[in-house]
Amino acid sequence: MFVLLLSYTRPLAEVDALMREHVAWLDEHYAAGRFLVSGRRMPRTGGVIVARGDDPGEMEAIAANDPFVRGGVATCEVIRFRASQRAPALEPLL
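Keep in mind that what you see is a predicted model, and the values were worked out from it rather than measured.

Draft legend 1. Structural detail: helix H2 (residues 19–31). Across its 13 residues, H2 extends 18 Å between first and last C-alpha, which sits within 8% of the 18 Å expected from 1.5 Å per residue. Inspection of H2 places Met19, His22, Trp25, Leu26 and His29 among the buried residues, and these make up the whole buried set. Burial along H2 is one-sided: seen end-on, the buried residues are contained in an arc of 120°. The exposed set on the far side of H2, more than 90 degrees from its buried face, consists of Arg20 and Ala31. Here the buried face of H2 lies against strand E1 (2–8), helix H1 (12–17), strand E2 (35–40), strand E3 (46–51), helix H3 (56–64) and helix H4 (67–70). Once H2 finishes, Gly33 follows within two positions and takes phi at roughly 85°, a positive value.

Structure below.
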């Protein structure tokens, strides 16, 4: 399991200019079963993605391919963790 923490490094107008590409990137990884949940940080300083996977290098490569990161409007910290406790409803997803 991974948490991807996005932090905006440029003004929101520049972030918003890449939003359509970013959402398409998210959709691709939801369809592939990698991403479980995502959303904006509050206040709007970046975003959070909870992802599943086993390979830290692969997840780093996925994060580096985010249009926000490629476009220089955000950085992404990839945090690997072991999901030792979870709600029963999440069992099929993990």
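Draft legend 2. The arrangement of the packing of aromatic side chains in detail. Enumeration according to the criterion identifies three aromatic pairs in this entry. A centroid spacing of 5.3 Å and a plane angle of 65° characterise the contact between Trp25 and Phe35, whose relative ring orientation is edge-to-face. You can see Trp25 sitting in helix H2 and its partner Phe35 sitting in strand E2, a full 10 residues away along the chain. Assessed through its relative accessible area of 4%, Trp25 is described here as buried. By relative accessible area, Phe35 is classed as buried at 3%. Plain terms: the ring middles of Tyr30 and Phe35 are 6.0 Å apart, the flat faces sit at 90° to each other, and that makes the pair edge-to-face. A relative accessible area of 30% places Tyr30 in the partly exposed class.

Cut-offs applied
Residues numbered from 1 in each chain as written. Predicted model: local features only at pLDDT ≥ 70, side-chain atom pairs only at ≥ 80, totals over all residues. Heavy atoms only, no water. Helix = DSSP H or I, 4+ residues; strand = E, 2+ residues; numbered from the N terminus. Expected span 1.5 Å × (residues − 1). Buried < 20%, exposed > 50% of the residue type's maximum accessible area, 1.4 Å probe, protein only. Arc of directions from axis to C-beta. Contact = heavy atoms within 4.5 Å. Phe/Tyr/Trp six-rings, centres within 6.5 Å; stacked < 30°, edge-to-face > 60°.

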